[in-house]
Amino acid sequence: SARLAAPASASRRPTTSPSAFRARASRAIAARAGKKRSIFEEMLDVMEGGPKLRRWYGSDSSVGDGTGASGDENGDETAAYGDADEDDDDVELNLPKTSILVTNADGALGESIVVQLILAKASVVAACEAEQIVGAETRFGPYVNVVSNSMSAGARLNGVRAMVVTDALEEDLLAACVRRGVKHVVLVSSAKSAGGGLFPSANEKARRDKTREELAKRSGVALTIIRPCSVKSSPSQGREIRFGQGDTLTGEVSMEDLAEVCARALTRPPKPGESLEFEVSNGAAAAERDWKALFAPLVIV
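Rules behind the numbers
Residues numbered from 1 in each chain as written. Predicted model: local features only at pLDDT ≥ 70, side-chain atom pairs only at ≥ 80, totals over all residues. Heavy atoms only, no water. Core = buried A, V, L, I, M, F, W, Y, C linked by side-chain atoms within 4.5 Å. Buried < 20%, exposed > 50% of the residue type's maximum accessible area, 1.4 Å probe, protein only. Helix = DSSP H or I, 4+ residues; strand = E, 2+ residues; numbered from the N terminus. Salt bridge = Lys/Arg side-chain N within 4 Å of Asp/Glu carboxyl O. Axes fitted to C-alpha atoms, helices over the stretch in contact; angles between N-to-C directions. Parallel < 35°, antiparallel > 145°, perpendicular 65-115°, else oblique. Left-handed = near helix turned anticlockwise from the far one by under 90°. Contact = heavy atoms within 4.5 Å. Nonpolar A, V, L, I, M, F, W, Y, C, P; charged D, E, K, R; others polar. Polar contact = N/O pair within 3.5 Å; in protein donor to acceptor, adjacent residues only side chain to side chain.

J.: Help me understand the nonpolar core in this model?
T.: The tendency in soluble globular proteins is for nonpolar side chains to be buried as a group. Counting 41 residues, the largest nonpolar core has Leu 117, Val 144, Ile 226 and Phe 243 as its most contacted members. Considering each element in turn, this core owes the most residues, 7 residues, to helix α10 (residues 255–265). Core analysis: the second largest hydrophobic core is formed by 24 residues, Met 151, Leu 174, Val 182 and Leu 223 among them.

J.: Looking at this structure, I do not really get the pattern of salt bridges. What am I missing?
T.: One side chain can pair with another of opposite charge once the charged atoms of both are near each other. As enumerated under the stated definition, the model contains 11 salt bridges in all. For the salt bridge of Glu 260 with Arg 264, the shortest nitrogen-to-oxygen distance reads 3.2 Å. In this pair, Glu 260 and Arg 264 are both assigned in helix α10, 4 residues apart and thus about one turn of the helix distant. Given a relative accessible area of 30%, Arg 264 falls into the partly exposed group. Through salt bridges with shared partners, a single ionic network connects Lys 210, Glu 213, Glu 214, Lys 217, Arg 227, Glu 277 and Glu 279.

J.: Would you take a moment to explain the packing of helix α4 (residues 108–119) against α10 for this structure?
T.: The relative placement of two packed helices comes down to the angle between their axes together with the axis-to-axis distance. Between α4 and α10, whose axes approach to 8 Å, the crossing angle comes to 55°. Regarding the angle of α4 to α10, the classification is oblique. Viewed along their axes, α4 and α10 form a crossing whose handedness is right-handed. The segment α4 lies against α10, with Ala 108, Leu 109, Ser 112, Ile 113, Gln 116 and Leu 117 engaging Met 255, Glu 256, Leu 258, Ala 259, Glu 260, Cys 262 and Ala 263. Its residues placed into classes, the contact of α4 with α10 shows 9 nonpolar, 2 polar and 2 charged.

J.: Would you take a moment to explain the side chain of Asn 282 for this structure?
T.: Examined against the element boundaries, Asn 282 turns out to sit in strand β10 (residues 275–286). In terms of polar contacts, Asn 282 uses its side chain to reach the backbone amide nitrogen of Ser 254, at 2.8 Å. Excluding its chain neighbours within four sequence positions, the residues that come into contact with Asn 282 are Arg 239, Glu 240, Ile 241, Arg 242, Glu 252, Val 253, Ser 254, Asp 257 and Arg 289.

Right, here's the structure in full:
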């Protein structure tokens, strides 16, 4: 299994700045639309090398609880979870709950969210189908812990404090979140104005299923529901981000921006039993993004 790198001092970070890395990752996301290469294959081409990224990535995270990727207190460069291998039992391991689980991480949106979380230096668990494990471990490298959907729901949640759901919502996984005390669930849904296109994917169909929202609400977990307008694979180009409530927002949003909204939402969890629900789209022109001002007016229910 892939393992997370331990933190290192800031003085050893690579010369590539986070903003430059973000721009290059953005180009990689755009390239995915052509179905030529994996986004992480593109990213590996533009990085200055694995060890350098590892040293940069090792600093504190701004997503989740702020611990980032870390080993034990003695500086061991491995994560405590990652050796479960074929032991699939629903056994809760004695691990610090610092990670974010991203479902369907081998899909386009899931992979984009993983990219944003890496940029935020968060500890990430990427869930994908069993046959995609080797490819996912190759693409994600040492910065993400890859788990199989064939594992029990509880096994996938070991060490997890928050979860981002981009596809069908598994009832047993949601029940395990309640049982394990997962602090926050971000559910990607769909705005009323979002069109499905002529050939919607299975994940797009799943996101339009409103029973997912009701199921998540009934669970009592702290819940954020993000309803994107029509999702496009074209680059963001720094366009304005717009939030709305009441399911009246129209337009489209780039997949890259939707992924960043998901990452940002993880830093603003509602209280248990409450839900934050909003739509997201892009404006027409480029604009500075004040995330605090975007989230501030939203009403939690």
